[in-house]
Amino acid sequence: MSSESLPTTAAEFRRKLPRYHGEIWGPPQFTDWVEEERSWKETCYIGNWSRATPTLRYTGPDVLRLFADCSVNTMNKFAIGQSKHIIHTNRDGKVVEEGILTRTGEEEVLAYSTFWADHWRRNGDYKVEMEFVEEDKYHVQGPNSLYILEKLTDAPLRQMKYMRNVDTTIAGVDVRILRQGMSGEIGFEVQVENEDGPKIWQTIVEAGQEYGIREMGGRVGMLNHLQAGYPTLLLDYLPAIFDEDGAGYLAEMGEMAADLNDLYWATAGSYEVEDLAELYRSPVELGWANRINFDHTFRGDEALRSEVASPKRALCTLKWNSDDVVDVFASYFRPDGDLPDFMEMPQDPRGYLYFDKVLVDGKVVGNTSSRGYSAHFREMISHAVLDIEHTRPGVEVTVVWGNPGSAQREIRAVTARTPYKEVRSRVDLTTLPV
């Protein structure tokens, strides 16, 4: 597959996707999506992120310099066994790519979903090698996740700080456990070689029965990101590569994106653009300004200095009016009238960057993304990036639902806190009951 196969203009992005991006997480649901969605707030889930976050190993004496040069993050005081949210930007300070970076040795890191660093490596002067690592990654998240893993390993999990790793064994198999919290809850990622993955999955599922564990299917795969306030590349914003600055990387993406071409790379919704750059986002707009460190030079640093000092837009959560949402579904059972675009439940599974216009007093002030229904909260919510004066909780806005040419609906909404769910990912584990 060549780069010419990818859409490169706003008009080309308005295409139909032939497959569901939910396939990345396996079956649409293992039991029932309602209980799977409720699990990480009430009990625990296990989810398979192996395909969604490929692993790249970078080794060599210049490995930290490489990532400092191509990331907004500092590499100072980056300890072995530590992980961090790594962000790469273009010259305008817009996000090209982001992921997790783990330091595993003096001259070694593991990067999850950060191909930009390899592009930078191959086009720079660095004594660094890269290789793909064949491993499975299972998220075990929720209030009971600690108790399940404590049954399976003697590792000192309660002493683990947030975004720290420990090497241990489960069922006689070597694994690495990362403490993280993409669900906004107490959570871990269990990393294991591919060949041992199914055994570890089943071991965790069996150990978790008494704690109400659920296997997470594709229908709810990204709802935890929405509720915990983690905007996601290719669902909430477009990688900033569709311009002269990203031309070399886009050419390489032709091959790298082959497996994802039928799952992503398409836009939908009422928010239309002529320039794809309108769908780019900066770390500041996405709520990640605290990751930016100006102790080094990186691409986009000057633009981000200005934006950090005077931000114009910000991420928030929208709580959609329940009566207006119900009326969209009710219209499908009325004998007359035009039908609006169907509002998929619990979330659109098709992989579109689904952007809808947000209005205040009839003026467009931003757009929504990642709309989804929570059975736990019994609400429809979404991410939104809005002009900053409208992002405080409690602002009344209007969402224009539906694609151009459809029977669009205006849906009332109100801004809410981000993250929407109470954040418990950094709880002191030593304080929990034994």
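Here, the structure is the one placed above.
The shown structure was predicted, so the numbers you read here are calculated from the model rather than taken from an experiment.

A. Here's a closer look at the sheet that holds strand β7 (residues 135-141). Pairing within the open sheet is mixed, and its six strands lie in the order β8-β9-β10-β7-β1-β11. Strands at the two margins of the open sheet, each flanked by one partner only, are β8 (165-170) and β11 (213-215). Neighbouring strand axes in the sheet, compared pairwise and without regard to direction, differ in orientation by 25° on average. Two elements, strand β1 (residues 44-48) and β7, share four bridges in a ladder whose sense is antiparallel. Bridge assignment links G47 to a residue of β7, and that residue is H139.

B. Local environment of the sheet that holds strand β18 (residues 396-401). Pairing is antiparallel around the closed barrel formed by six strands, whose spatial order is β13-β17-β16-β15-β18-β19. If you compare each strand with its neighbour and ignore which way they point, the axes differ by 40° on average. Pairing between β18 and strand β19 (residues 409-416): six bridges, direction antiparallel. Looking at β19, one finds that E396 is bridged to V414. Of the strands in this sheet, β13 (313-320), β17 (379-387), β18 and β19 are in contact with helix α10 (residues 322-330), which crosses β19 at around 145°.

C. Representation of the nonpolar core within the structure. Of all hydrophobic cores here, the largest spans 82 residues; its most connected members are Y58, F67, L238, F242, W265, L318 and W320. Among the nonpolar cores identified, the runner-up in size contains 29 residues, and M160, I200, W201 and I213 belong to it.

D. Examining unusual backbone geometry more closely. Note the cis peptide between M345 and P346, where omega equals -5°. When you line up the elements, P346 lands in the loop between α10 and β14 (353-354). Backbone torsion omega between T418 and P419 reads 0°, so that peptide bond is classified as cis. Within the secondary structure, P419 sits in the segment after β19. With phi around 55°, A171 is a residue other than glycine that occupies positive phi space. Judged by its relative accessible area of 38%, A171 is partly exposed.

E. Spotlight on the pattern of salt bridges. Per the counting criterion, the structure on display carries 27 salt bridges. D62 serves as the salt-bridge partner of R65, at 3.3 Å between the closest nitrogen and oxygen. Judged by relative accessible area, which is 16%, D62 ranks as buried. Between K137 and E135 there is a salt bridge, with the nearest N and O atoms lying 3.8 Å from each other. The exposure class assigned to K137 is buried, which follows from its relative accessible area of 1%. One connected set of salt bridges, linked through shared partners, spans D118, R121, R122 and E252.

F. Inspection of the packing of aromatic side chains at higher detail. A complete count under the given rule lists 20 aromatic pairs for this structure. Between F13 and W265, the ring centres sit 6.5 Å apart and the planes meet at 55°, which makes this aromatic pair tilted. Taken together, the positions of F13 in helix α1 (residues 10-13) and W265 in the loop between α8 (247-256) and β12 (267-268) put the pair 252 residues apart, joining distant regions of the chain. By relative accessible area, W265 is classed as buried at 1%. Centre to centre, the rings of F242 and W265 are 6.0 Å apart; their planes meet at 75°, and the pair counts as edge-to-face. Placement of the pair is F242 in the loop between α7 (223-228) and α8 and W265 in the loop between α8 and β12, with a sequence separation of 23 residues. Chaining the aromatic ring pairs together yields one cluster made of F13, F242 and W265. A cation over a ring is seen here: K84 above F78, with NZ or CZ 4.6 Å from the ring centre.

G. Seen up close, helix α5 (residues 145-152). Of the residues making up α5, those classed as buried are S145, L146, Y147, I148 and L149. At its buried positions, α5 is contacted by β1, β7, β8, β10 (187-193), α6 (197-207) and β11.

H. Layout of helix α9 (residues 301-309). Those residues of α9 that sit buried are D301, L304 and E307. Each buried residue of α9 lies within a common arc of 120° when the element is viewed along its axis, so the set occupies one face. Within α9, the exposed residues directed more than 90 degrees away from the buried face are E302, S306 and A309. Residues of α9 that are buried in the fold lie against β3 (83-89).

Thresholds applied
Residues numbered from 1 in each chain as written. Predicted model: local features only at pLDDT ≥ 70, side-chain atom pairs only at ≥ 80, totals over all residues. Heavy atoms only, no water. Pairing = 2+ DSSP bridges. Helix = DSSP H or I, 4+ residues; strand = E, 2+ residues; numbered from the N terminus. Axes fitted to C-alpha atoms, helices over the stretch in contact; angles between N-to-C directions. Contact = heavy atoms within 4.5 Å. Core = buried A, V, L, I, M, F, W, Y, C linked by side-chain atoms within 4.5 Å. Buried < 20%, exposed > 50% of the residue type's maximum accessible area, 1.4 Å probe, protein only. Salt bridge = Lys/Arg side-chain N within 4 Å of Asp/Glu carboxyl O. Phe/Tyr/Trp six-rings, centres within 6.5 Å; stacked < 30°, edge-to-face > 60°. Lys NZ or Arg CZ within 6 Å of the ring centre and 35° of its normal. Arc of directions from axis to C-beta.

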